[in-house]
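# Tertiary structure, described
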Amino acid sequence: MEVLHFLLLTFLVVCAIAVSRIKDLLGAVIIFAAYSLIMAIIWQQLNAPDIALTEAAMGAGVTTLLMMVVISKTRRREEK
């Protein structure tokens, strides 16, 4: 179980760094959705199922959908 927790936290940190470094906005939104799903799994492992469901629904679901709608109405790549 310790290995699983370490892998989840490592992947969480990698996602956080990647979402701040990537230039493609759609890619950043997808990585952010992965970050939210990992957070939901971590909350579930911490025996907080209500927070895990909220994180999965709001973080990975609604927020990702709203960001994709905004990106579809604007340019996809960030300008330098």
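That block above? That's the structure.
The rules behind each value
Residues numbered from 1 in each chain as written. Predicted model: local features only at pLDDT ≥ 70, side-chain atom pairs only at ≥ 80, totals over all residues. Heavy atoms only, no water. Phe/Tyr/Trp six-rings, centres within 6.5 Å; stacked < 30°, edge-to-face > 60°. Helix = DSSP H or I, 4+ residues; strand = E, 2+ residues; numbered from the N terminus. Buried < 20%, exposed > 50% of the residue type's maximum accessible area, 1.4 Å probe, protein only. Expected span 1.5 Å × (residues − 1). Arc of directions from axis to C-beta. Contact = heavy atoms within 4.5 Å.

## Let's talk about the packing of aromatic side chains
- Applying the stated criterion across every chain yields a total of 1 aromatic pair.
- Measuring from ring centre to ring centre gives 6.4 Å for F32 and Y35, while their planes differ by 15 degrees; the resulting arrangement is stacked. Placement of both F32 and Y35 in helix α2 (residues 25-45) is noted, with a separation of 3 residues, approximately one turn of the helix.
- Classification of Y35 as partly exposed rests on a relative accessible area of 27%.

## Remarks on helix α1 (residues 2-21)
- Between the first and last C-alpha of α1 there are 29 Å, a value that for 20 residues agrees with the 28 Å anticipated at 1.5 Å per step.
- Within α1 the residues assigned to the buried category are L8, L12 and C15. Along the long axis of α1, the arc covered by the buried residues comes to 65 degrees, so they all point the same way. The outward face of α1, more than 90 degrees from its buried face, is lined by the exposed residues E2, V3, F6, L7, S20 and R21.
- If you follow the buried residues of α1, they end up packed against α2.

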